[in-house]
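# Reading the structure
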There are 2 protein chains.
Amino acid sequence: MFLTDYIGALDTRNSMNVNEGNCLHTLFAKQPAEHLSASQSLFFEGDDANHVYEVLDGVLRVFRIVSDGRRVITAFLYPGDFIGFSLRETYLYSAEAVTPATIRRMPRRQFETAVAADEDLRAQVFAKTCCEMAATQEQMVLLACKSAEERLCSFIRRHMQRVTMSGERAATVDLPMSRQDVADHLGLTIETVSRTFTKLINKNVISLDNPAARHLLRIEKHGMLEFLAGDNDDCAEIRQQGGLVMYGGRGRH
Amino acid sequence: MFLTDYIGALDTRNSMNVNEGNCLHTLFAKQPAEHLSASQSLFFEGDDANHVYEVLDGVLRVFRIVSDGRRVITAFLYPGDFIGFSLRETYLYSAEAVTPATIRRMPRRQFETAVAADEDLRAQVFAKTCCEMAATQEQMVLLACKSAEERLCSFIRRHMQRVTMSGERAATVDLPMSRQDVADHLGLTIETVSRTFTKLINKNVISLDNPAARHLLRIEKHGMLEFLAGDNDDCAEIRQQGGLVMYGGRGRH
DNA sequence: CGACCGCTTGACGGGAATCAAATGGCGTGG
DNA sequence: CCACGCCATTTGATTCCCGTCAAGCGGTCG
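Within each chain, residue numbers correspond to sequence positions counted from 1 in written order. Chains carry letters and ligands carry numbers; both start at the beginning, A for chains and 1 for ligands, and go up in the order they are written. In view of the model being predicted, local features appear only for residues whose pLDDT reaches at least 70, and side-chain atom pairs are presented and counted only at 80 or more, with totals across whole chains, interfaces and linings using the full set of residues. Heavy atoms throughout the structure, all of them, feed into the side-chain values; hydrogens and water do not.

### A short note on the overall build of chain A
To keep things clear, this is the line we draw: Put simply, DSSP H or I for four residues or longer makes a helix, DSSP E for two residues or longer makes a strand, and each gets a number counted from the N terminus. The buried label goes to any residue with under 20% of its type's maximum accessible area, the exposed label to any with over 50%, and the partly exposed label to all in between, with areas taken from a 1.4 Å probe on protein chains only. Here a residue-residue contact requires only that any non-hydrogen atoms of the pair lie within 4.5 Å. Areas reported here follow the Shrake-Rupley algorithm with a probe of radius 1.4 Å; residue values treat only the protein chains shown as occluding.
Secondary structure assignment for chain A yields 9 helices and 11 strands. Out of the 253 residues in chain A, the part that is buried amounts to 51%. Once local pairs closer than 6 in sequence are excluded, the contacts in chain A between residues at least 24 apart make up 72%. By element, 53% of the accessible surface of chain A is carried by carbon and sulfur atoms, the whole surface being about 11,100 Å².

Laid out in structure tokens, this is it:
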């Protein structure tokens, strides 16, 4: 993945990143690039939140360890994402590299003064925060009422949207995170994730070119994948009617 | 609940709301108060996000209707909360009153220009956004790996923290939302919520003074409730060791 | 009184967790 | 080169929590 790539990726998530005036990416460009090896930590939950980060390349995971030792991956981060905008005292989560990754870091103080002084930057921080909030709510919906298959299909589609450059529909996708990572992100166990993968393969929704490369997926039926993800937005017409009283249930089919 | 109350509630959620210079509450004070009757809608998912709101009194629910007609309540809102800070084009969710409620509304444009012009206001908006983000992530953790009992206990405790004035430990709590509301917020069914309530009553963790007033809970064992909520933060000492490789599982006991 | 509503309770089944074992790739070392 | 162990993943057998369907209960209102 090259420099031009993540600029594109950034644009896809954020409709207002034209290069008018200052932009977040150029703000971070002054900082030296740092490289992380796979599974290397960036910071830990509870640490003083002294820096904010830009992801240049690779994939990171952001997670919390809950009381009984289990891990909840609240998000994966991709090139063009930023970390730590909406924090004040301490990090609420840990961050690690999934793949070898490149990032830039900036002291929070420096970041805050730069943003306070520039209208454009504030707008971009705001936009990024809105995206993050929307993504988190989407994940809440997934966890609140989707089946294992729906969760996995949703996840594959989201991942594809982040790694494929705008528009094109790639036939094959690399899922760099482990099955355990996927499980911890989807609120499932590794066994269920594995079983659901084989189910999708049996249905020929996806396939593996090389059984050894289990992270390389070929998407056989995009439409089916979308359908199985279960977020068909066909409820727009009911929304405004007000007479909707059919709530309840988790609808696991 | 009186005027002084929600100022207190606001302070509990937001460590920096001393009345230095402008504050969000005084900004909204210029707007007329509006009253909502129970279950009255404030706006719908997909509407143009033309206003931002302050909750003065009562409880609101914020929710999305997913494709198969089910409802996911992403949050309940209490006096001192604001709605719509992190939005740009359209509302991502609907909002309704749970109880009779009082709110103030302000046109988004007006809000944005006021915030853009004032450093203090920006800081407060930022703080509120951080709180919202933290709460949303907490909810993700709940949905990702907690059992029905843990979810309900967590919810009761959170609700208590929002409605009781700072510090005091009230013996009895009013849960104004219906069982269905609770279910849709916790990713459960109404039957499971009901069963879990009776389980807690049988364990004498909570009790009902009057069986007819099922929304009025007496908390018999605060410690037990906290324990059953399952967010004992006893993992602080493992966090930094780095050698933690015991992830996985949903741990439903 | 009877209909309706919110809630509870019961019976049952299913989907995912749990426990356990097998597979298969990969690196190390003899 | 092959044996061995390690690791991630898969697969199987079983359990169990919670969803589903259905009925019952009390309270309120017309």
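### A word on the UniProt feature "domain: HTH crp-type" (unreviewed entry) in chain A
This is how the line gets drawn: UniProt positions are given in the numbering used here, feature names are shortened, and annotations may be inferred rather than shown by experiment.
Within this structure's numbering, the places UniProt gives as "domain: HTH crp-type" (unreviewed entry) are residues 146-220 of chain A. Structurally, residues 146-220 of chain A is divided into 49% helix and 13% strand, and its ends, taken at the C-alpha atoms, are 22 Å apart.

### Brief notes about the pairing of strand E11 (residues 216-219) of chain A
Residue and element names in this part refer to chain A. What counts, and what does not: Any two strands with at least two DSSP bridges between them are considered paired.
Residues of E11 alternate between two faces, with Leu-217 and Ile-219 buried on one and Leu-216 and Arg-218 left unburied on the opposite face. Examined bridge by bridge, strand E10 (residues 206-208) and E11 share 3 bridges and lie antiparallel to one another. Its bridge partner lying in E11, Leu-208 is registered against Leu-217.

### A few points about the sheet that holds strand E4 (residues 60-65) of chain B
All names here are of chain B. Stated precisely, the cut-off is as follows: Interaxial angle, 0 to 180 degrees, is taken between N-to-C directions of lines fitted to C-alpha atoms, where a helix line uses only the stretch in contact.
Ordered in space as E2-E7-E4-E5, the 4 strands form an open sheet in which the pairing is antiparallel. With partners counted over all chains shown, the strands left at the sheet margins are strand E2 (41-43) and strand E5 (71-77), one partner each. Neighbour to neighbour, the strand axes of the sheet diverge by 30° on average, direction disregarded. Summarising the sheet, E4 and strand E7 (residues 94-97) pair through 4 bridges and their orientation is antiparallel. Opposite Leu-60, over in E7, you have Ala-97 as the bridge partner. Contacts from helix H6 (residues 179-186) reach E4 and E5, with the element oriented near 100° to E5.

### A few points about the domain arrangement of chain A
Residues and elements named next belong to chain A. We apply this condition: Source of the domain bounds: an automatic or database domain assignment. When two parts are put together, the accessible area they lose, computed with a 1.4 Å probe and summed over both, is reported as buried area. Note on definitions: salt bridges are taken to be side-chain nitrogens of Lys or Arg within 4 Å of carboxyl oxygens of Asp or Glu. Counted as a polar contact is a pair of N or O atoms within 3.5 Å, where, for protein atoms, one must be capable of donating a hydrogen and the other of accepting one, and residues adjacent in sequence contribute only when both atoms are in side chains. Amino acids are sorted into nonpolar (Ala, Val, Leu, Ile, Met, Phe, Trp, Tyr, Cys and Pro), charged (Asp, Glu, Lys and Arg) and polar (every other residue, Gly among them).
Examined at the domain level, chain A breaks down into domain 1 (2-142) and domain 2 (146-242). For the pairing of domain 1 and domain 2, the buried interface totals around 1,700 Å² over both sides, and the portion due to carbon and sulfur atoms is 56%. A per-residue breakdown of the area domain 1 buries against domain 2 is headed by Phe-76, Tyr-78 and Leu-142, which together make up 39% of the total. Taken together, the links from domain 1 to domain 2 amount to 4 salt bridges. Note that Arg-61 and Asp-181 form a salt bridge whose closest N and O atoms lie 2.9 Å from each other. Run the count over domain 1 and domain 2 and you get 10 residue pairs in polar contact (both at pLDDT 80 or more). Considered class by class, the residues forming the side of domain 1 that touches domain 2 number 10 nonpolar, 4 polar and 6 charged.

### Considering the packing of aromatic side chains
Here is the rule we go by: Centres within 6.5 Å are what make two rings of Phe, Tyr or Trp a pair, Trp counting through its six-membered ring; a difference in plane orientation under 30 degrees is then read as stacked, over 60 as edge-to-face, and the rest as tilted.
Counted under the stated rule, the structure contains 16 aromatic pairs over all chains. Pairing A:Phe28 with A:Phe82 gives two aromatic rings, centres 5.3 Å apart and planes at 55°, and the pair type is tilted. Highlighted residues: A:Phe28 in helix H2 (residues 24-29) and A:Phe82 in strand E6 (residues 82-83), separated in sequence by 54 residues. As far as the burial class goes, A:Phe28 and A:Phe82 line up, both buried. Taking 5.8 Å as the distance between ring centres and 50° as the angle between the ring planes, the aromatic pair formed by B:Phe76 and B:Phe155 counts as tilted.

### Points about the sheet that holds strand E9 (residues 172-174) of chain A
Residues and elements named next belong to chain A. The 3 strands lie next to each other as E9-E11-E10, forming an open sheet whose pairing is antiparallel. At either margin of the open sheet sits one strand with a lone partner, and together these are E9 and E10. Direction aside, neighbouring strands of the sheet carry axes that sit 35° apart on average.

### Quick word on the pattern of salt bridges
All told, the structure shown has 32 salt bridges over all chains when counted by the stated rule. Here A:Glu149 and A:Lys199 are joined by a salt bridge, their closest N and O atoms 3.9 Å apart. Note that A:Glu149 is positioned in helix H5 (residues 148-163) and A:Lys199 in helix H7 (residues 190-202), a separation of 50 residues in sequence. A:Glu149 gets classed as buried once you look at its relative accessible area, which sits at 13%. Taking the relative accessible area as the measure of exposure, A:Lys199 reaches 42% and is therefore partly exposed. A salt bridge links B:Asp184 to B:Arg71; its shortest N-O distance comes to 2.8 Å. Of this pair, B:Asp184 sits in helix H6 while B:Arg71 is found in strand E5, placing the two residues 113 residues apart along the sequence.

### Quick notes on the pairing of strand E4 (residues 60-65) of chain A
Residues and elements named next belong to chain A. Of all 6 residues in E4, 6 are buried, a share of seventy percent or more. Relative to strand E5 (residues 71-77), E4 is paired through 6 bridges, and the arrangement is antiparallel. The residue of E5 that forms the bridge with Phe-63 is Ile-73. Linking E4 back to E5 in an antiparallel pair, the connection comprises 5 residues, with Gly-69 at a positive phi of about 95°.

### Description of the packing of helix H4 (residues 119-145) of chain A against H5(A)
Residue and element names in this part refer to chain A. Condition: Orientation is classified from the angle alone, with under 35 degrees giving roughly parallel, over 145 giving roughly antiparallel, 65 to 115 giving roughly perpendicular, and any other angle giving oblique. Crossings are assigned a handedness: left-handed for a near helix turned anticlockwise from the far helix by less than a right angle, right-handed for a clockwise turn.
Running from amino to carboxyl end, H4 crosses H5 at an angle of 160°, the nearest separation of the two axes being 10 Å. Considered as vectors, H4 and H5 are oriented roughly antiparallel to each other. H4 and H5 meet at a crossing whose hand is left-handed. Where H4 abuts H5, its residues Glu-138, Gln-139, Leu-142, Leu-143 and Cys-145 lie against Glu-150, Arg-151, Ser-154 and Arg-158. Residues belonging to the contact of H4 with H5 are distributed by class as follows: 3 nonpolar, 2 polar and 4 charged.

### Describing the packing of H4(A) against helix H4 (residues 119-145) of chain B
At a minimum axis distance of 9 Å, the contact between H4(A) and H4(B) shows a crossing angle of 20°. Taken together, the axes of H4(A) and H4(B) lie roughly parallel to each other. Every pair of crossing elements has a handedness; the one defined by H4(A) and H4(B) is left-handed. Two secondary-structure elements touch here, H4(A) through A:Arg122, A:Thr129, A:Glu132, A:Met133, A:Thr136, A:Gln139, A:Met140, A:Leu143 and A:Ala144 and H4(B) through B:Arg122, B:Thr129, B:Glu132, B:Met133, B:Thr136, B:Gln139, B:Met140, B:Leu143 and B:Ala144. Here the contact of H4(A) with H4(B) is built from residues that sort into 8 nonpolar, 6 polar and 4 charged.

### Thoughts on the UniProt feature "domain: Cyclic nucleotide-binding" (unreviewed entry) in chain A
Cross-referencing UniProt, the feature "domain: Cyclic nucleotide-binding" (unreviewed entry) maps to residues 35-84 of chain A in the present numbering. Within the segment residues 35-84 of chain A, helix and strand shares are 0% and 54% respectively, and the terminal C-alpha atoms sit 18 Å apart.

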